[in-house]
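Residues per chain are reported as follows:
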Amino acid sequence: MAYRQIVTEEDPILRKKSRQVEKFDQRLASLIDDMKETLKRAGGVGLAAVQVGVLKRVIVVDCGDGEIELVNPEIISEEGEQKEQEGCLSLPGEWGVTVRPAIVKIRGQDRNGKWHIYKADGLKARCFCHETDHLDGRLFVDRLAQGETIHRTE
Ligand code: ZN
């Protein structure tokens, strides 16, 4: 496992759409392992492959109750609404209050291509939405609650 550099806001790759994963090979497994290592070292709760410069639909999430890897993730249902502070490892020092669903169901594959479904609320629901957004080139600053602005702590 190796740490990979996290790309930041200045890099236009963050606005690109990631591609569907079709090959479940050793290269994918290494990418996922590196993403987990990078997430752990950065002290975040979620990371999308595009944030380490790879345009593949892969995310890893760890909200303190174990690591989850999802390849080709898709939000399949949403309920309610939550407004909470959000930040991003690619936008260091920036945060804002976003609007997200309160509860989501997400499906995705693991490194072997097997499908899984997870249901989450609170931070984890937000995290699934935030990381899935990354795969479509969307950042949390696009989801700010009405009247909210981006705050900077530097
Ligand atoms: Zn992010």
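Our structure is the block above this text.
Let me sum up the structure you'll find in this document. Note on numbering: residues in each chain are counted from 1, in written sequence order. Only residues with pLDDT of at least 70 get local features here, since the model is predicted, and only at 80 or more are side-chain atom pairs given and counted; chain-wide, interface and lining totals rely on the full set of residues. With hydrogens and water set aside, each side-chain value is computed from the structure's full complement of heavy atoms.

Stacked, tilted and edge-to-face are the three classes applied to pairs of Phe, Tyr and Trp rings, where Trp contributes its six-membered ring and a pair requires centres within 6.5 Å; stacked means planes under 30 degrees apart, edge-to-face means over 60, and tilted covers the rest. In this structure the tally under the stated criterion is 1 aromatic pair. Over the ring of W115 we find R107; its NZ or CZ atom is 4.2 Å from the centre of that ring. Should the NZ of a Lys or the CZ of an Arg lie within 6 Å of a ring centre and within 35 degrees of the ring normal, that charge is described as sitting over the ring.

Note: metal donors comprise N, O and S atoms at 2.8 Å or less from the metal (3.2 Å for Na, K and Ca); water molecules are not included, so apparent gaps in a site are possible. Here the zinc ion is held by C88 (SG), H130 (NE2) and H134 (NE2), and the distances to it run 2.0 to 2.2 Å. All donor residues of the zinc ion come from one chain, and their arrangement in sequence is C-x41-H-x3-H. Placement of C88 in the loop between strand 4 (82-87) and strand 5 (94-100) and of H134 in helix 2 (residues 122-134) is noted, with a sequence separation of 46 residues between them. Partly exposed residues are those whose accessible area sits between 20% and 50% of the maximum for their type, while under 20% is buried and over 50% is exposed, using a 1.4 Å probe and protein chains only. Taking relative accessible area as the criterion, C88 reaches 12% and is therefore assigned buried. According to the relative accessible area criterion, H134 is buried, its value standing at 1%. Helix and strand labels come from DSSP, where a helix needs a run of H or I of at least four residues and a strand needs a run of E of at least two; each type is numbered from the N terminus.

As a further point, take the sheet that holds strand 8 (residues 151-152). Hydrogen bonds between backbone groups are what pair the strands of a sheet, and the pairing can be parallel or antiparallel. One open sheet accounts for 3 strands, arranged 4-5-8; its pairing is antiparallel. Single-partner strands in this sheet number two, and they are strand 4 and strand 8. On the sheet, helix 2 packs against strand 4 and strand 5 and is oriented at approximately 60 degrees with respect to strand 4. Any two strands between which DSSP finds at least two bridges are classified as paired. It only takes one pair of heavy atoms within 4.5 Å for two residues to be counted as in contact. Angles here are taken between N-to-C directions and fall from 0 to 180 degrees, while the axes themselves are lines fitted to C-alpha atoms, restricted in helices to the stretch in contact.

We now examine the environment of D25. Within the secondary structure, D25 is located in the segment before helix 1 (26-42). Taking the C-alpha atoms as reference points, D25 and P12, separated by 13 residues in sequence, lie 28 Å from one another. Nitrogen and oxygen atoms within 3.5 Å of one another constitute a polar contact, given that in protein one can donate a hydrogen and the other can accept it, and given that sequence-neighbouring residues count only through two side-chain atoms. From its side chain, D25 meets the backbone nitrogen of L28 in a polar contact 3.1 Å long.

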